Amino acid sequence: MLAIKAFTWHTVAGLVFSFLGSHLVGTQENSQETRPWYEKLPAVAMDYKVHIDAGKEDCYFQYVQPGSTFYVSFQVIRGGDGMAGFAVRNPRGEIVHPYQWQASSDFTDGSSMGGYYAVCIDNQFAKFASKLVNLYLTVIRYDEWEKYTKEIEDLNVNMNNFTNTISTVERNLNAMFQYQAYSRNTEARDYALIIDNNSYVLQWSILQIVVIILTTSIQVYFVRKLFDIKTGTNTKMRI
């Protein structure tokens, strides 16, 4: 089952990190014409939550420029046993990250061949429990920094120091965003667990209160019946 979900986008240090939707490609010619403008940016980040029905598999597609660094991580926030299947296919259809039933996982391709990667979440082992899953994806084009280097050469700036500094800052920002995404996922999972535990305790408390009230009422009824004296109309008093 192929599905496209909603998500959020961020902007940092002049690089617009955006993700407006995933597109399924029919042919190579159509993909060149329909790819959105943001896929040409030096860096793109995606952070969104998806709902996977019980017994279903959903796949999401992201275009990656040739030579770019592609990173994806997933974490089950709530639902069932807290685990799901996760796999990644490259543009050739090869499974570069095999399916594993786990709570969280990630995958990195340091030098992409270019094309649409498929990120699939499998919940087919769960027959009744749906899952809420958080996905975080980034596409970084480090070669784009060379264009900025050429533009600054006219300003007689020390390009080696400048390029190294910018590259270090960009890599640190990317690592920071990945860590923040992981922290948000952990916080969301813990919050969902607290809500579920609170609902469980509340339901059982109400059930126990109802049982106590019902038991007390039955006991009072039978105790009163013990002291209930029935008198007949033909009863004669004897001295």
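Refer to the structure printed above.
Residues numbered from 1 in each chain as written. Predicted model: local features only at pLDDT ≥ 70, side-chain atom pairs only at ≥ 80, totals over all residues. Heavy atoms only, no water.

Draft legend 1. Quick peek at the sheet that holds strand β3 (residues 43-52). Overall, antiparallel pairing links the four strands, which are arranged β3-β10-β5-β8 in an open sheet. Whereas interior strands pair on both sides, the edge strands pair on one side only; in this sheet they are β3 and β8 (104-109). Averaged over all adjacent pairs, the angle separating strand axes in this sheet is 10°, with direction ignored. Sheet analysis places strand β5 (residues 69-78) next to β8, joined by six bridges and oriented antiparallel. Directly across from F74, in β8, lies its bridge partner S105. (Pairing = 2+ DSSP bridges. Helix = DSSP H or I, 4+ residues; strand = E, 2+ residues; numbered from the N terminus. Axes fitted to C-alpha atoms, helices over the stretch in contact; angles between N-to-C directions.)

Draft legend 2. Examining the pairing of strand β7 (residues 95-102) more closely. With five bridges joining them, strand β6 (residues 84-89) and β7 adopt antiparallel strand pairing. Bridge pairing in β7 links F86 to Q100. Between β6 and β7, which follow one another and run antiparallel, lie five residues, and G93 among them has a positive phi close to 90°.

Draft legend 3. Seen up close, the state of the cysteines. With the rule as written, the count across this model stands at one disulfide. Sulfur-sulfur distance for the disulfide between C59 and C120 comes to 2.1 Å. Taking the sign of the S-S torsion, 110° for the link of C59 and C120, the bridge is right-handed. Of the two residues, C59 sits in strand β4 (residues 57-64) while C120 sits in strand β9 (residues 115-122), which places them 61 residues apart along the sequence. The class of C59 is buried, set by a relative accessible area of 8%. (Disulfide = S-S within 2.5 Å. Buried < 20%, exposed > 50% of the residue type's maximum accessible area, 1.4 Å probe, protein only.)

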